[in-house]
Amino acid sequence: MPTPITSIRPTHHSVIVVGGGQAGLSASHYLQAHDIDHLVLEKHSLTHTWRNQRWDAFSLVTPNWQCALPGYRYSIEHQGNDPHGFMTKDQINDYLAGFVASVNAPALEGVVVQRVVPRVAGGFEVHTSKGEFTADQVIVASGGYHTPIIPRLAERVSPQITHIHSEQYRNSQALPEGNVLVVGSGQSGAQIAEDLHLAGRKVYLAVGDAPRCARFYLGKDVVDWLAEMGYYDIGVD
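What you see is a predicted model; the values in this text were computed from it and never measured.

Overview of the overall build of the protein chain
Helix and strand content of the protein chain: 6 helices and 12 strands. Considered along the principal axes of its C-alpha atoms, the protein chain spans approximately 60 × 50 × 35 Å. A buried classification covers 32% of the 237 residues belonging to the protein chain. Look at the contacts in the protein chain between residues 6 or more apart in sequence, and 56% of them connect residues 24 or more apart.

Digging into the confidence of the model for the protein chain
The pLDDT averaged across the protein chain works out to 91; a share of 94% of its residues lies at or above 70. At the low end of the mean pLDDT range in the protein chain sits helix α3 (residues 76-79), at 64; at the high end sits helix α1 (residues 22-33), at 98.

Some remarks on the packing of α1 against helix α4 (residues 89-103)
Packing of α1 against α4 leaves a shortest axis separation of 10 Å and a crossing angle of 30°. Between α1 and α4, the angle is such that the two are roughly parallel. Seen along the crossing, α1 lies across α4 with a hand that is left-handed. Counted together, Gln22, Leu25, Ser26, Ser28, His29 and Gln32 of α1 and Leu96, Phe99, Val100 and Val103 of α4 form the full contact between these two elements. The residue inventory of the contact of α1 with α4, partitioned by class, reads 5 nonpolar, 5 polar and no charged.

Some thoughts on the nonpolar core
Among the nonpolar cores identified, the biggest contains 32 residues, and Val17, Leu60, Met87, Ile92, Tyr95 and Leu196 are the most heavily contacted of them. Secondary structure elements with two or more residues in this core: β1 (12-18), α1, α4, β9 (180-183) and α5 (187-198). Looking at which element gives the most residues to this core, the answer is α4, with 6 residues. Counting residues in hydrophobic clusters, the runner-up holds 9 residues, among them Leu41, Leu108, Val126 and Ala135.

Remarks on α5
For α5, spanning 12 residues, the distance from its first C-alpha to its last is 16 Å, which sits close to the expected 16 Å at 1.5 Å a residue. Those residues of α5 that sit buried are Gly189, Gln191, Ile192, Ala193, Asp195 and Leu196. For α5, the elements touching its buried residues are β9 and β10 (203-206). Of the residues one or two after α5, Gly200 is the one with positive phi, at around 90°.

Regarding the pattern of salt bridges
The final tally for this structure, using the stated rule, is 3 salt bridges. Put simply, Glu155 and Arg152 hold a salt bridge, and the shortest N to O gap is 2.5 Å. With respect to burial, Glu155 and Arg152 carry one shared label: exposed.

Topic: the side chain of His48
Note on placement: His48 falls in helix α2 (residues 48-52). Looking at His48, the relative accessible area reads 16%, which means it is buried. The residues contacting His48, other than those within four sequence positions of it, are Glu42 and Gln53.

Thoughts on the pairing of strand β2 (residues 38-42)
Side chains on a regular strand alternate between the two faces of the sheet. With 5 of 5 residues buried, β2 lies mostly within the body of the structure. Of the two faces of β2, both are covered, the one formed by His38, Val40 and Glu42 as well as the one formed by Leu39 and Leu41. Here 4 bridges tie β1 to β2, and the two strands are oriented parallel to one another. The partner of Val15 across the bridge, within β2, is His38. Handedness of the β-α-β unit built from β1, α1 and β2 comes out right-handed.

Here is what the cut-offs are and how they apply
Residues numbered from 1 in each chain as written. Predicted model: local features only at pLDDT ≥ 70, side-chain atom pairs only at ≥ 80, totals over all residues. Heavy atoms only, no water. Helix = DSSP H or I, 4+ residues; strand = E, 2+ residues; numbered from the N terminus. Buried < 20%, exposed > 50% of the residue type's maximum accessible area, 1.4 Å probe, protein only. Contact = heavy atoms within 4.5 Å. pLDDT = per-residue confidence, 0-100. Axes fitted to C-alpha atoms, helices over the stretch in contact; angles between N-to-C directions. Parallel < 35°, antiparallel > 145°, perpendicular 65-115°, else oblique. Left-handed = near helix turned anticlockwise from the far one by under 90°. Nonpolar A, V, L, I, M, F, W, Y, C, P; charged D, E, K, R; others polar. Core = buried A, V, L, I, M, F, W, Y, C linked by side-chain atoms within 4.5 Å. Expected span 1.5 Å × (residues − 1). Salt bridge = Lys/Arg side-chain N within 4 Å of Asp/Glu carboxyl O. Pairing = 2+ DSSP bridges. Right-handed = clockwise from strand over helix to strand, strands pointing away.

In C-alpha coordinates:
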(Lines give C-alpha, C1' and ligand atoms only; values in the text may rest on other atoms or scores of the structure.)
Protein backbone atom coordinates (compact mmCIF):
# COMPACT_ATOMS: atom_id res chain seq x y z
CA MET A 1 0.00 0.00 0.00
CA PRO A 2 1.51 3.36 -1.00
CA THR A 3 2.25 6.00 1.60
CA PRO A 4 -0.30 8.84 1.21
CA ILE A 5 1.07 12.33 0.77
CA THR A 6 1.50 14.36 3.95
CA SER A 7 1.83 17.90 2.60
CA ILE A 8 -1.36 19.93 2.41
CA ARG A 9 0.06 22.21 -0.31
CA PRO A 10 -1.24 23.31 -2.73
CA THR A 11 -4.59 24.11 -1.18
CA HIS A 12 -6.40 24.54 -4.52
CA HIS A 13 -7.20 21.61 -6.78
CA SER A 14 -9.32 21.14 -9.85
CA VAL A 15 -11.18 18.38 -8.02
CA ILE A 16 -11.35 17.35 -4.38
CA VAL A 17 -12.68 13.87 -3.66
CA VAL A 18 -14.24 13.38 -0.21
CA GLY A 19 -13.76 9.78 0.87
CA GLY A 20 -11.01 7.24 0.26
CA GLY A 21 -13.03 4.05 -0.13
CA GLN A 22 -13.48 2.14 -3.37
CA ALA A 23 -15.70 4.88 -4.84
CA GLY A 24 -13.28 7.72 -4.07
CA LEU A 25 -10.32 5.72 -5.34
CA SER A 26 -12.24 4.82 -8.49
CA ALA A 27 -12.84 8.52 -9.07
CA SER A 28 -9.11 9.11 -8.64
CA HIS A 29 -8.36 6.39 -11.20
CA TYR A 30 -10.45 8.15 -13.85
CA LEU A 31 -9.21 11.62 -12.93
CA GLN A 32 -5.64 10.44 -13.34
CA ALA A 33 -6.53 8.87 -16.69
CA HIS A 34 -7.62 12.33 -17.88
CA ASP A 35 -4.66 14.07 -16.21
CA ILE A 36 -6.93 16.14 -13.95
CA ASP A 37 -5.34 17.63 -10.82
CA HIS A 38 -7.11 16.34 -7.71
CA LEU A 39 -6.80 15.39 -4.05
CA VAL A 40 -8.53 12.62 -2.08
CA LEU A 41 -9.40 13.46 1.54
CA GLU A 42 -10.06 10.52 3.87
CA LYS A 43 -11.26 10.78 7.47
CA HIS A 44 -9.52 7.59 8.62
CA SER A 45 -7.31 5.54 6.28
CA LEU A 46 -7.93 4.41 2.72
CA THR A 47 -10.57 1.61 2.58
CA HIS A 48 -10.87 1.88 6.38
CA THR A 49 -14.46 0.66 6.56
CA TRP A 50 -13.75 -2.72 5.00
CA ARG A 51 -10.96 -3.43 7.47
CA ASN A 52 -12.54 -2.07 10.64
CA GLN A 53 -16.33 -2.24 10.39
CA ARG A 54 -16.96 -5.82 9.28
CA TRP A 55 -17.38 -8.96 11.36
CA ASP A 56 -14.77 -11.73 11.25
CA ALA A 57 -16.84 -14.12 9.10
CA PHE A 58 -18.05 -11.42 6.68
CA SER A 59 -18.16 -12.33 3.01
CA LEU A 60 -19.43 -10.68 -0.13
CA VAL A 61 -22.81 -11.76 -1.49
CA THR A 62 -21.80 -11.04 -5.08
CA PRO A 63 -19.54 -13.54 -6.89
CA ASN A 64 -15.86 -12.83 -7.31
CA TRP A 65 -16.08 -12.27 -11.07
CA GLN A 66 -18.19 -9.19 -10.37
CA CYS A 67 -15.34 -7.53 -8.44
CA ALA A 68 -14.24 -5.25 -11.24
CA LEU A 69 -12.86 -2.02 -9.82
CA PRO A 70 -11.48 0.19 -12.62
CA GLY A 71 -8.19 -1.13 -13.90
CA TYR A 72 -8.22 -3.89 -11.29
CA ARG A 73 -10.56 -6.78 -12.05
CA TYR A 74 -10.69 -9.99 -10.03
CA SER A 75 -8.00 -12.25 -11.46
CA ILE A 76 -6.40 -15.63 -10.86
CA GLU A 77 -3.06 -13.87 -10.35
CA HIS A 78 -4.30 -11.84 -7.40
CA GLN A 79 -7.23 -13.72 -5.83
CA GLY A 80 -7.13 -17.34 -6.99
CA ASN A 81 -9.17 -19.38 -9.46
CA ASP A 82 -12.65 -19.12 -7.96
CA PRO A 83 -14.64 -16.65 -10.07
CA HIS A 84 -17.98 -17.97 -8.82
CA GLY A 85 -16.92 -18.01 -5.16
CA PHE A 86 -17.41 -15.25 -2.61
CA MET A 87 -14.54 -13.29 -1.08
CA THR A 88 -14.10 -13.44 2.68
CA LYS A 89 -13.14 -10.41 4.75
CA ASP A 90 -9.38 -11.07 4.49
CA GLN A 91 -9.61 -11.73 0.75
CA ILE A 92 -11.59 -8.53 0.24
CA ASN A 93 -8.95 -6.51 2.07
CA ASP A 94 -6.14 -8.16 0.09
CA TYR A 95 -7.98 -7.28 -3.11
CA LEU A 96 -8.54 -3.69 -1.97
CA ALA A 97 -4.91 -3.30 -0.89
CA GLY A 98 -3.91 -4.21 -4.43
CA PHE A 99 -6.39 -1.67 -5.78
CA VAL A 100 -5.02 1.06 -3.49
CA ALA A 101 -1.51 0.34 -4.76
CA SER A 102 -2.71 0.25 -8.36
CA VAL A 103 -4.45 3.63 -8.17
CA ASN A 104 -1.75 5.30 -6.04
CA ALA A 105 -4.09 8.23 -5.44
CA PRO A 106 -2.87 11.64 -4.23
CA ALA A 107 -4.48 11.34 -0.81
CA LEU A 108 -4.45 12.79 2.66
CA GLU A 109 -5.49 10.45 5.47
CA GLY A 110 -6.82 11.52 8.87
CA VAL A 111 -8.52 14.59 7.42
CA VAL A 112 -12.13 15.28 8.43
CA VAL A 113 -14.14 17.30 5.91
CA GLN A 114 -16.33 19.52 8.05
CA ARG A 115 -18.07 21.71 5.52
CA VAL A 116 -18.25 22.39 1.77
CA VAL A 117 -19.41 25.87 0.75
CA PRO A 118 -20.03 27.24 -2.78
CA ARG A 119 -17.88 30.26 -3.65
CA VAL A 120 -19.37 33.38 -5.20
CA ALA A 121 -16.59 33.38 -7.79
CA GLY A 122 -17.27 29.73 -8.63
CA GLY A 123 -16.03 26.47 -7.20
CA PHE A 124 -16.08 25.46 -3.56
CA GLU A 125 -14.44 26.06 -0.21
CA VAL A 126 -13.65 22.82 1.60
CA HIS A 127 -13.20 23.28 5.35
CA THR A 128 -11.34 20.42 7.04
CA SER A 129 -9.66 19.48 10.30
CA LYS A 130 -6.32 20.19 8.59
CA GLY A 131 -7.15 23.60 7.15
CA GLU A 132 -9.04 25.03 4.22
CA PHE A 133 -8.91 23.97 0.57
CA THR A 134 -10.59 25.22 -2.56
CA ALA A 135 -11.67 23.25 -5.60
CA ASP A 136 -13.36 23.82 -8.93
CA GLN A 137 -15.36 20.64 -8.41
CA VAL A 138 -16.07 18.35 -5.43
CA ILE A 139 -16.89 14.65 -5.61
CA VAL A 140 -18.57 13.33 -2.47
CA ALA A 141 -17.70 9.63 -2.16
CA SER A 142 -18.19 9.21 1.56
CA GLY A 143 -20.86 6.49 1.40
CA GLY A 144 -24.43 6.48 2.60
CA TYR A 145 -24.36 4.38 5.76
CA HIS A 146 -22.44 6.38 8.35
CA THR A 147 -25.25 6.67 10.88
CA PRO A 148 -26.48 3.35 12.31
CA ILE A 149 -30.26 2.96 12.22
CA ILE A 150 -31.32 2.06 15.76
CA PRO A 151 -35.05 2.01 16.59
CA ARG A 152 -36.17 4.20 19.50
CA LEU A 153 -37.41 1.01 21.16
CA ALA A 154 -33.76 0.26 21.99
CA GLU A 155 -33.89 3.06 24.57
CA ARG A 156 -36.32 0.98 26.62
CA VAL A 157 -34.33 -2.26 26.49
CA SER A 158 -33.11 -3.33 29.91
CA PRO A 159 -29.44 -2.39 30.55
CA GLN A 160 -28.98 -6.03 31.61
CA ILE A 161 -29.48 -7.06 27.99
CA THR A 162 -26.51 -6.47 25.69
CA HIS A 163 -27.58 -4.83 22.43
CA ILE A 164 -25.22 -3.70 19.69
CA HIS A 165 -25.47 -2.56 16.09
CA SER A 166 -24.24 -4.82 13.29
CA GLU A 167 -21.22 -2.55 12.68
CA GLN A 168 -20.05 -3.41 16.22
CA TYR A 169 -20.45 -7.18 15.85
CA ARG A 170 -17.24 -9.16 15.31
CA ASN A 171 -17.91 -12.75 16.43
CA SER A 172 -20.04 -14.81 18.80
CA GLN A 173 -17.28 -14.96 21.44
CA ALA A 174 -17.59 -11.21 21.96
CA LEU A 175 -21.18 -11.58 23.16
CA PRO A 176 -22.21 -12.81 26.61
CA GLU A 177 -23.69 -16.29 26.90
CA GLY A 178 -27.33 -16.82 26.06
CA ASN A 179 -29.82 -16.64 23.21
CA VAL A 180 -29.47 -13.91 20.59
CA LEU A 181 -32.11 -11.91 18.73
CA VAL A 182 -30.98 -10.52 15.38
CA VAL A 183 -33.23 -7.69 14.20
CA GLY A 184 -33.28 -7.25 10.44
CA SER A 185 -33.03 -9.85 7.70
CA GLY A 186 -30.97 -8.07 5.08
CA GLN A 187 -27.56 -9.38 4.08
CA SER A 188 -25.95 -8.25 7.35
CA GLY A 189 -28.63 -9.70 9.61
CA ALA A 190 -28.77 -12.97 7.71
CA GLN A 191 -24.98 -13.41 7.76
CA ILE A 192 -24.71 -12.59 11.45
CA ALA A 193 -27.57 -14.95 12.31
CA GLU A 194 -25.83 -17.72 10.38
CA ASP A 195 -22.51 -16.98 12.08
CA LEU A 196 -24.13 -17.20 15.52
CA HIS A 197 -26.03 -20.37 14.59
CA LEU A 198 -22.86 -22.10 13.37
CA ALA A 199 -21.20 -21.11 16.66
CA GLY A 200 -23.89 -23.07 18.51
CA ARG A 201 -26.01 -20.16 19.68
CA LYS A 202 -29.80 -20.20 19.84
CA VAL A 203 -30.73 -17.49 17.37
CA TYR A 204 -34.00 -15.70 16.65
CA LEU A 205 -34.13 -13.69 13.41
CA ALA A 206 -36.68 -10.87 13.22
CA VAL A 207 -37.56 -10.79 9.54
CA GLY A 208 -38.18 -7.35 8.08
CA ASP A 209 -39.14 -6.19 4.60
CA ALA A 210 -35.79 -6.88 2.94
CA PRO A 211 -36.49 -8.12 -0.61
CA ARG A 212 -36.02 -11.78 -1.46
CA CYS A 213 -35.34 -13.67 -4.67
CA ALA A 214 -34.15 -17.15 -5.57
CA ARG A 215 -30.36 -17.25 -5.40
CA PHE A 216 -30.14 -20.05 -7.97
CA TYR A 217 -32.38 -20.83 -10.93
CA LEU A 218 -31.86 -23.79 -13.27
CA GLY A 219 -28.47 -24.38 -11.66
CA LYS A 220 -27.14 -20.87 -12.24
CA ASP A 221 -26.60 -17.97 -9.82
CA VAL A 222 -29.20 -15.21 -10.22
CA VAL A 223 -26.34 -12.74 -10.71
CA ASP A 224 -25.18 -14.71 -13.77
CA TRP A 225 -28.71 -14.57 -15.17
CA LEU A 226 -28.85 -10.81 -14.62
CA ALA A 227 -25.51 -10.41 -16.42
CA GLU A 228 -26.69 -12.52 -19.38
CA MET A 229 -29.88 -10.44 -19.63
CA GLY A 230 -27.82 -7.25 -19.84
CA TYR A 231 -29.09 -5.89 -16.53
CA TYR A 232 -25.67 -4.57 -15.48
CA ASP A 233 -25.21 -2.79 -18.82
CA ILE A 234 -28.24 -0.54 -18.24
CA GLY A 235 -27.11 3.08 -17.89
CA VAL A 236 -28.16 5.39 -15.09
CA ASP A 237 -30.50 7.20 -17.50
